[in-house]
Amino acid sequence: MSKKSLFIAIEGLDGTGKSTIAKLLSYFIQNTLEKNVKLTFEPHDPSCGGLFIRQILEKKIRNFSNETLMTAFAANRLDHCNREINTWLSKENSMVICDRYYLSSLVYQSSEKHPFEAVMKINEHATKPDVTLFMNASNEVCYQRMDIRNKPKELFEEGLTETREKYLNAIQYLQEVKNEKIQIVDASGSIKEVLERVVNVISDEFSDHIKAQLTSAVKEYEIPSSNIFSLDGEIPDLRTSVIEKITTNKGLTTDNVNEIVKTELDTLTFTDKGVLFLNYLENLGYNIGEKCSWTSLDSYNIEYTLPGGLTQKGKALLINENQRYDVILGTASQLAELEKMSDFMFIFNPGPSDLITKFYERDIIESTKDQSFLFPNIQQITEQNLQEFLVKELV
Ligand code: TYD
């Protein structure tokens, strides 16, 4: 197996399904090659200037200059590279898949005043991707897919024909002037078909042996159902099977138990981690009830019986690994509703543990007007907690 790290950028017009493909590709590669895959995106909300950029895209900030925005994207990217992408790429056997990268800046920030050269100059310290994929689909397909998404149009979501043309010009520039590797992938058809095309193209980056492995695996690959980040129905006991799997691992010792558990956790999908989170709460004595049907969030009613027979009611909530500011804020307003109805709440957020309580604090408090819901009765559970939970069972 190749131990080299690989950096893939995925680009495309809005509505080409590039975010879905980026997610699927990362799961597929993780499962097939057991690489350490990091899926990330730009604009990167947790990096420098992320909040400013998101508020411009959502038209909340209107009086800005294009130059400022171009500089903000470049600063956002450099910070993203320094603190996340490069760190990840320096690990052995790793891969980074980034949903949008500097090709987007060439397309959306270039102008007569700031031609491609100027945009690339300001992005000169950003890490160069090994390969960039441009997902291409007809306007009809893009519009159909955007309607499904059903959210207000963002700043750059209009003028597909013009944008496609800019993409093609920018691609030609990067290929000819910067010697970059860019592949145009047909994004029409079923998700499976598109994934196959993508895997085909990126398999060129690997040895013949791995290439063959990838091509045959993608044919067999079953696309997870649309709610890949969702749990429904009875909660299985995943804890027992994960522990069994780990205990049959011949090399397990008290010294390496942490590492082995972490490796095992890394192979789980978000949904599986969510199941483990609910198993964790059960282990603490909470009863897991029905899924809350009135909210689109993955949340469950839970109960705790106190010694005198009194019961307290709460919620267990799962947030997927998405760190996008607009998604987090959308979640926050629903969270406020949930919190009003509970004595306590557990949130499973596998991302950075301080994301909700610190990074977005200002907006979350504003979004609830006079009521702050950042009470100590909300407890965040992260992947680290799940790791400790499993380790305790094993030593
Ligand atoms: P977003 O809603 O985060 O993602 P997507 O539309 O890919 O699902 O929107 C990203 C927007 O940011 C998109 O309209 C293009 C724009 N953008 C730039 O203008 N310059 C850039 O460098 C990047 C990365 C994005």
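Coordinates for the structure precede this section.
In this text, all values refer to a predicted model and were calculated from it rather than measured experimentally.

S.K.: Is there a simple way to think about helix α11 (residues 257-266) in this case?
M.R.: Since the α-helix advances by 3.6 residues per turn, residues separated by three or four positions end up pointing in the same direction. Along α11, the residues that are buried comprise V257, I260, V261, E264 and L265. The buried residues of α11 occupy an angular sector of 135° when the element is viewed end-on, so they sit on one face. In this structure, the buried residues of α11 make contact with α10 (238-247), α12 (270-283) and α16 (383-394).

S.K.: For this particular structure, what's the right way to read the sheet that holds strand β9 (residues 344-348)?
M.R.: Adjacent strands of a sheet form backbone hydrogen bonds with each other and so pair up, either parallel or antiparallel. In space, the 5 strands of this open sheet follow the order β6-β7-β8-β9-β10, with mixed pairing throughout. Looking at which strands have only one partner, the edges of the open sheet turn out to be β6 (287-291) and β10 (378-381). Taking each pair of neighbouring strands and ignoring which way they run, the sheet shows an average axis angle of 25°. In this sheet, β10 lies alongside β9 in parallel orientation, the contact comprising 4 bridges. Looking across to β10, one finds that F346 is bridged to Q379.

S.K.: In this structure, what is going on with the sheet that holds strand β1 (residues 6-12)? I would like to understand it.
M.R.: Taken together, the 5 strands give an open sheet; going across it, the order is β2-β3-β1-β4-β5, and neighbouring strands pair in parallel fashion. For this open sheet the edge positions go to β2 (36-41) and β5 (182-186), each flanked by a neighbour on one side alone. Mean inter-strand twist for the sheet, computed between neighbouring axes without regard to direction, equals 20°. Note that β1 and strand β4 (residues 131-136) share 5 bridges and pair parallel.

S.K.: Help me out: how do you make sense of the pattern of salt bridges in this one?
M.R.: Where side chains of opposite charge bring their charged atoms close, a pairing between them can arise. Counted under the stated rule, the structure contains 17 salt bridges. Between R100 and D14 there is a salt bridge, with the nearest N and O atoms lying 2.9 Å from each other. In this pair, R100 sits in the loop between β3 (94-99) and α4 (102-109) while D14 sits in the loop between β1 and α1 (18-33), placing the two residues 86 residues apart along the sequence. Residue D14 is classed as buried on the basis of its relative accessible area of 11%. Its salt-bridge partner being E264, residue K245 comes within 2.9 Å of it at the nearest N-O pair. Residue K245 is located in helix α10, and its partner E264 is located in helix α11; the two are separated by 19 residues in the primary sequence.

S.K.: Any chance you could explain the pairing of β4 here in plain terms?
M.R.: The side chains of a regular strand alternate between the sheet's two faces. Within β4, 5 of the 6 residues are buried, leaving the element largely enclosed by the surrounding structure. Sheet topology places β4 next to β5; 5 bridges connect them, and they run parallel. Within β5, the residue paired with F134 across the bridge is I184.

S.K.: Is there a simple way to think about the packing of aromatic side chains in this case?
M.R.: Think of a pair of aromatic rings as described by two things: how far the centres are apart, and how the planes are tilted against each other in angle. With the rule as written, the count across this model stands at 12 aromatic pairs. Aromatic pair F7 and Y101: ring centres 5.1 Å apart, planes at 80°, arrangement edge-to-face. With F7 in strand β1 and Y101 in the loop between β3 and α4, this residue pair connects regions lying 94 residues apart in the sequence. Here a set of aromatic residues connected by ring pairs shows up, and it is made of Y286, Y304, F344 and F346. Over the aromatic face of Y101 sits the side chain of R77, whose NZ or CZ is 5.4 Å from the ring centroid.

S.K.: What is the right way to look at the environment of K211 in this model?
M.R.: The residue K211 is located in helix α9 (residues 208-220) in this model. A relative accessible area of 29% places K211 in the partly exposed class. A C-alpha to C-alpha distance of 8.1 Å links K211 and N200, two positions 11 residues apart in sequence. K211 has contacts with S203, D204 and F206, leaving out every residue within four places of it along the chain. There is a polar contact of 2.8 Å between the side chain of K211 and the side chain of D204.

Rules used in this analysis
Residues numbered from 1 in each chain as written. Predicted model: local features only at pLDDT ≥ 70, side-chain atom pairs only at ≥ 80, totals over all residues. Heavy atoms only, no water. Buried < 20%, exposed > 50% of the residue type's maximum accessible area, 1.4 Å probe, protein only. Helix = DSSP H or I, 4+ residues; strand = E, 2+ residues; numbered from the N terminus. Arc of directions from axis to C-beta. Contact = heavy atoms within 4.5 Å. Pairing = 2+ DSSP bridges. Axes fitted to C-alpha atoms, helices over the stretch in contact; angles between N-to-C directions. Salt bridge = Lys/Arg side-chain N within 4 Å of Asp/Glu carboxyl O. Phe/Tyr/Trp six-rings, centres within 6.5 Å; stacked < 30°, edge-to-face > 60°. Lys NZ or Arg CZ within 6 Å of the ring centre and 35° of its normal. Polar contact = N/O pair within 3.5 Å; in protein donor to acceptor, adjacent residues only side chain to side chain.

It is worth stressing that arrangement in space is one thing and function is another; only the former is reported here.
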